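# Geometric and topological summary
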Amino acid sequence: MNQGTDDTTLWHALPADQVLRRFALDPRRGLDADAVREGTAKHGPNALPEPPPRPVWRTFARQFKSPLITILFAAAVLAVALGHHGDAGVILAVVLVNALIGSFQEGRAERSMAALRRLSSLRVRVLREGCEQVVEARDLVPGDLMLLSAGDAVAADGRLIEEAQLQVAEAALTGESVPVAKSVSPVPEATGLADRHDMVYCGTHVTGGRARAVVVAIGMHTEVGRIAGLTERAVEPKTPLELRLDQFGRALVAAALGLFVLVVLLGLWRQLPLAEVLMVAISQMVSMVPEGLPVAMTIALAVGMQRMAERGAIIRRLSAVETLGSTTVICSDKTGTLTRNEMTAVALWLPDGRTIDVDGIGYTPQGELLEAIGPADLAEPALRQLIHAAALCNDAELVAPEKERGAWSVLGDPTEGALLVLARKAGIAIDALRLDAPRETELPFDSDTKLMATRHRMVDAPHRVWIKGAPEAVLRLCRSEDASVLHDARAAAETMATRALRVLALATVDDDDLDPAAGFDALVGRSRLLGLVGQIDPPREEVKLSVTDCRTAGIRPIMVTGDHKLTGLAIARELGIAREGERAVDGPELERMGEAELRDELPGIAVFARVQPAQKLRIVQALQSGGEVVAMTGDGVNDAPALARADVGVAMGITGTEVAKSAAKIVVTDDNFSTIVGAVQQGRVVYANLKKVILYLFATSMAEVLVLLLALMGGFPLPLAAVQILWINIVTEGTVTVNLVMDPPDGDEMRRRPVPRDDRLLSSEMLRRVALMTPMIATVTFGWFAWRLAGGVPEPLVRTETFTVLAMCQWFNVLNCQSATASALGPRLLRNRWLAGGLALSVALQLAVLYVPAMNALFHTVPLPASSLLPLLTLASTVLWMEELRKLVVRTSRRRAAP
């Protein structure tokens, strides 16, 4: 094992058998558990060193970069210069508390993001102790035997010991733009990295074929690890929402500067003391800047990502959270996403016209093959050859249950797994068959040709080729003299497809050498059709309801499948994806359409069938050109361009290749369409909660400004001290703002239309609500202030009461902002325990600032009689009652307008 990470070993120059001897490795067994433990202890994890977590002091220092903090520091310096040392201390304390809160929330968000990254870590297939296993990439050790196939990401540097038509995309490492063909033969020692065709390297991915490779370097000892040591980690750019929030904040800062000038001019016109005017002007300027908004946005995105992860959707790109709420089209694969991905062969067709039904559902190999007259003759040559082709032209493994009550499972493609179950039901001992008919070479499955072929050394034929694939692809290879049989086969395939069956055709070529270089073209006109196999994959029960939710939410579902269009259309109609008048289009039809014709036809197409991966990209582009926001699912390596181009690329966590996952913004861990719909709902929740925070901060800030301007223009003394305004902005609002974004779903998210991409942060509806909230808060606060002054109440007491009324108005207004239509009364508050806790904390802190002597001195307050608190609370509650009345009117008008 010690030679496995010798950086001076030129692995590419060693023959494959010598590499195996270096590791004392049996290629049929791989490493045993003891060797893996020893390798892990000696070499550590297969991972590049992650950048150290940001120090707490640096996170804390980041909180002082905001222009808002600069303004507060300027206010503190001005307070000291004017002799207001207590006010200066309060301002600095506010700055410190704000920085501590920001640091805590930012740290929590970073920890959440790190946890989510761990959930989407790379997994690889290896051979250990004679069994194929799926392990975390970080658990690879030198000497491990990696099993590679199309779509797999290479997780460590490896020396090939076996390959079949292997091609690897190495652009990420060498810059080579096209996939590189690999071979087992060693190359000279001086060969450059890009020409080492017997090696595979970490960070690349397999585009075709399959192979086995011995891990020779992990972690920092890999080629990409050496490069990583010289580079810095890329930082994800700001999302569109973050940029819009920054722009919104800058606009408010500009407005705040204008307000500063206005307040100073009004104060001078009123001949108020300059020092007092300057302090209040700066405080009001700060009040207009939503200092809680950046923290609230960070928490909203982090909470949204956590909630999505709990429901099986792992977010890989932050921008996906906000884009989900705007999604108008979901293009979904069929197999495993809309269906259960439990393929079962249920019908066979033979060239002599016979049909055979297969009973039994799922992967348990129990059932019979039945003809119309009774059980089928399993020894009959035509049926026997069809079953042999299904079992031998097959890369899957049927895994028996480990426990007595366990379930049979398939390792590999479910379609191939169903063929193995069929073979077992037909009495075939698969392991014995594969031993008697060893595979000599192959043409691996290709998503473009939809074909696979393997050559075997049979007892009755030295070189027999078995072919499997889509009916139209296999029939193209068949002999012209079998024209009548081929005609019947096409009719039988269409009949199966109308029953929502997925149809495979199987054929053979006797005594052919299967030239890999010539590919499938060498088989054209020479193959003999063996028959058809019809498989069923039942729709998921929950998907039909999710499709209905999509329709209600203004989202159009489209099926994009590799199946026959009749099969796809039958499933789509059953699920409600295809409605009356909508049709299916297959790949050849799509190819004949021009761009303008495709855009015109799109509204009437519910199913795209038999599409090539490259055509998925075209579908996405056509939808986007029509203004749609597109979510596209994919699992194959060739799906990566479409996933990257889609507004929200969704990769399948179970069947998806690592390349597809890397290109996607979301990975769905259960491959379920309903999980995608749930993620869309959660994206809408995140955006809606952010809008609640914006509404709350804007309405309350404008109310403070209005109260001040009314006092200045009406000839009244200043109703609030500068430190009291800061208390309202930082403490009263801060204790509830972050918690408001934790609001659970309202329940009607999927009854709303998608969020427009250019949606304003302050929509016209929100501005109408602000136009009611702001004057109401200002009227209550300023009205109490003016009435109490007119009654001859001492100014310190009036100012304290006014300060308390304004804080109470904020408490009631945060309840208003939870929903635009639903009442805040009843159990709604209890649904968000974070907000309830924030309100309780805010009340406790307000009582402290009223009754703790030290805080009385700092915040210019006097203790209020306990008996006066209830009248103040009652007065402030009118803010809630007025909004409740508006909501009642809205609900009533909607009920009357409903059909």
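Given the structure is predicted, the values throughout are model-derived calculations rather than measurements. (Residues numbered from 1 in each chain as written. Predicted model: local features only at pLDDT ≥ 70, side-chain atom pairs only at ≥ 80, totals over all residues. Heavy atoms only, no water.)

Here we take up the confidence of the model for the chain. Confidence in the prediction for the chain averages 85 pLDDT; 89% of positions are at 70 or higher. Here residues 229-236 scores under 50 on pLDDT; set against residues more than four positions off or in separate chains, the count is six contacts. (pLDDT = per-residue confidence, 0-100. Contact = heavy atoms within 4.5 Å.)

Two strands in a sheet stick together by hydrogen bonds in their backbones, pointing the same way (parallel) or opposite ways (antiparallel). The sheet built from eight strands is open, its strands ordered E8-E26-E25-E24-E9-E21-E23-E22 with mixed pairing. Two strands close off the open sheet at either side, each with one partner strand: strand E8 (313-315) and strand E22 (583-586). The average angle at which neighbouring strand axes cross in this sheet is 20°, direction not considered. Where strand E9 (residues 329-332) meets strand E21 (residues 556-561), four bridges bridge the pair, whose relative direction is parallel. Residue pairing in the sheet places Ile330 in a bridge with Pro557 of E21. In this fold helix H21 (residues 613-625) packs onto E9, E21, strand E23 (605-609) and strand E24 (630-634), with an angle of close to 170° to the strand it touches most, E24. (Pairing = 2+ DSSP bridges. Helix = DSSP H or I, 4+ residues; strand = E, 2+ residues; numbered from the N terminus. Axes fitted to C-alpha atoms, helices over the stretch in contact; angles between N-to-C directions.)

By size, the foremost hydrophobic cluster in this structure holds 126 residues, and its most contacted members are Phe248, Ile330, Val607, Ile666, Phe673, Ile694 and Val814. Here this core takes 20 residues from helix H24 (residues 673-713), the largest share from any one element. In contact with Val814, other than residues within four places in its own chain, are Tyr696, Val736, Leu740, Leu835 and Leu839. Counting 37 residues, the second-largest nonpolar core is a separate cluster that includes Ile356, Ala391, Ala396 and Leu398. (Core = buried A, V, L, I, M, F, W, Y, C linked by side-chain atoms within 4.5 Å. Buried < 20%, exposed > 50% of the residue type's maximum accessible area, 1.4 Å probe, protein only.)

Turning to the packing of aromatic side chains, a few remarks are in order. Applying the stated rule across the entire model yields six aromatic pairs. Considering the side-chain rings of Phe782 and Phe785, the 6.2 Å spacing of their centres and the 40° angle between planes classify their relative orientation as tilted. Here Phe782 pairs with Phe785, and both are found in helix H27 (residues 764-790), just three residues apart, close to one helical turn. With respect to class, Phe782 is no different from Phe785; both count as buried. Through successive ring pairs, a cluster of aromatic residues spans Phe716, Phe782 and Phe785. (Phe/Tyr/Trp six-rings, centres within 6.5 Å; stacked < 30°, edge-to-face > 60°.)

With 16 residues, helix H16 (residues 483-498) should cover 22 Å at 1.5 Å per step; its first-to-last C-alpha distance of 23 Å lies within 8% of that length. Among the residues of H16, those classed as buried are Leu486, Ala489, Ala492, Ala493, Met496 and Ala497. The buried residues of H16 occupy one face: seen down the axis, they fall within an arc of 135°. The exposed set on the far side of H16, more than 90 degrees from its buried face, consists of Ser484 and His487. Buried-residue contacts for H16 involve strand E10 (344-349), helix H15 (471-477), strand E19 (502-509), strand E20 (528-536) and helix H18 (565-575). Backbone geometry just downstream of H16 places Ala500 in the positive-phi region, at approximately 65°. (Expected span 1.5 Å × (residues − 1). Arc of directions from axis to C-beta.)

Phi at Gln165 takes a positive value of approximately 55°, unusual for a residue other than glycine. Residue placement: Gln165 occurs in strand E4 (residues 157-169). Taking the relative accessible area as the measure of exposure, Gln165 reaches 34% and is therefore partly exposed. Positive phi is not limited to glycine here, since Lys450 has a value of about 60°. By relative accessible area, which is 11% here, Lys450 ends up buried.

On to the packing of helix H28 (residues 795-816) against helix H33 (residues 878-897). Axes are the key here: two packed helices are described by the angle between their axes and the distance separating the axes. Two numbers describe how H28 lies on H33: the axes approach to 8 Å, and their chain directions differ by 20°. With respect to H33, the element H28 is oriented roughly parallel. Handedness of the crossing formed by H28 with H33: right-handed. Mapping the contact onto sequence places Cys809, Phe812, Asn813, Leu815 and Asn816 in H28 and Val879, Leu880, Glu883 and Lys887 in H33. The residue inventory of the contact of H28 with H33, partitioned by class, reads five nonpolar, two polar and two charged. (Parallel < 35°, antiparallel > 145°, perpendicular 65-115°, else oblique. Left-handed = near helix turned anticlockwise from the far one by under 90°. Nonpolar A, V, L, I, M, F, W, Y, C, P; charged D, E, K, R; others polar.)

In this section: the pairing of E23. Counting buried positions along E23 yields five of five residues, so the element is predominantly enclosed. Where E21 and E23 come together, three bridges link them in parallel fashion. When the sheet's bridge partners are listed, Met559 is paired in E23 with Val607. Two elements, E22 and E23, share four bridges in a ladder whose sense is parallel. Its bridge partner being in E23, Ala584 is matched across the sheet by Val607.

The nine strands are arranged E13-E12-E11-E10-E20-E19-E18-E17-E16 in an open sheet whose pairing can be described as antiparallel. The open sheet is flanked by strand E13 (374-375) and strand E16 (439-446), the only strands paired with a single partner. Two elements, strand E12 (residues 369-371) and E13, share two bridges in a ladder whose sense is antiparallel. Bridge pairing in E13 places Leu370 opposite Pro375.

Okay, the pattern of salt bridges next. Applying the stated criterion across every chain yields a total of 38 salt bridges. Close ionic contact of Asp460 with Arg464 constitutes a salt bridge, the shortest N to O distance being 3.4 Å. Asp460 gets classed as exposed once you look at its relative accessible area, which sits at 58%. Notably, a salt bridge pairs Lys565 with Glu589, separated by 2.8 Å at the nearest N-O pair. Of this pair, Lys565 sits in helix H18 while Glu589 sits in helix H19 (residues 587-592), and the two are 24 residues apart along the sequence. (Salt bridge = Lys/Arg side-chain N within 4 Å of Asp/Glu carboxyl O.)

Attention now goes to the pairing of strand E2 (residues 131-136). The side chains of a regular strand alternate, residue by residue, between the two faces of the sheet. Two strands pair when backbone bridges link them, and strand E1 (residues 123-128) and E2 are joined in this way by six bridges, in the antiparallel orientation. Across the sheet, Arg125 pairs through a bridge with Val134, a residue of E2. Counted between consecutive antiparallel strands, the loop separating E1 from E2 contains two residues, among which Glu129 sits at a positive phi close to 55°.

Okay, a nonpolar patch on the surface next. Together, Met882, Leu885, Leu888 and Val889 give the surface a local cluster of nonpolar side chains, amounting to about 340 Å² of exposed area. Along the chain, the position of Met882 falls in helix H33. Note on Met882: relative accessible area 32%, which makes it partly exposed. (Patch = residues over 30% accessible without salt bridge, like charges linked within 9 Å, V, L, I, M, F, W, Y side chains within 5 Å. Areas by Shrake-Rupley, 256 points an atom, 1.4 Å probe, with all protein chains shown as cover.)

Attention now goes to the side chain of Thr861. When you line up the elements, Thr861 lands in the loop between helix H31 (853-859) and helix H32 (869-876). A residue is classified by how much of its surface remains accessible, and Thr861, at 6% relative accessible area, is buried. Engagement of the side chain of Thr861 in a polar contact is seen with the side chain of Asn856, the distance being 2.8 Å. If we skip the residues at most four places from it in the chain, Thr861 touches Gln724, Thr800, Phe803, Val849, Leu850, Met855 and Asn856. (Polar contact = N/O pair within 3.5 Å; in protein donor to acceptor, adjacent residues only side chain to side chain.)

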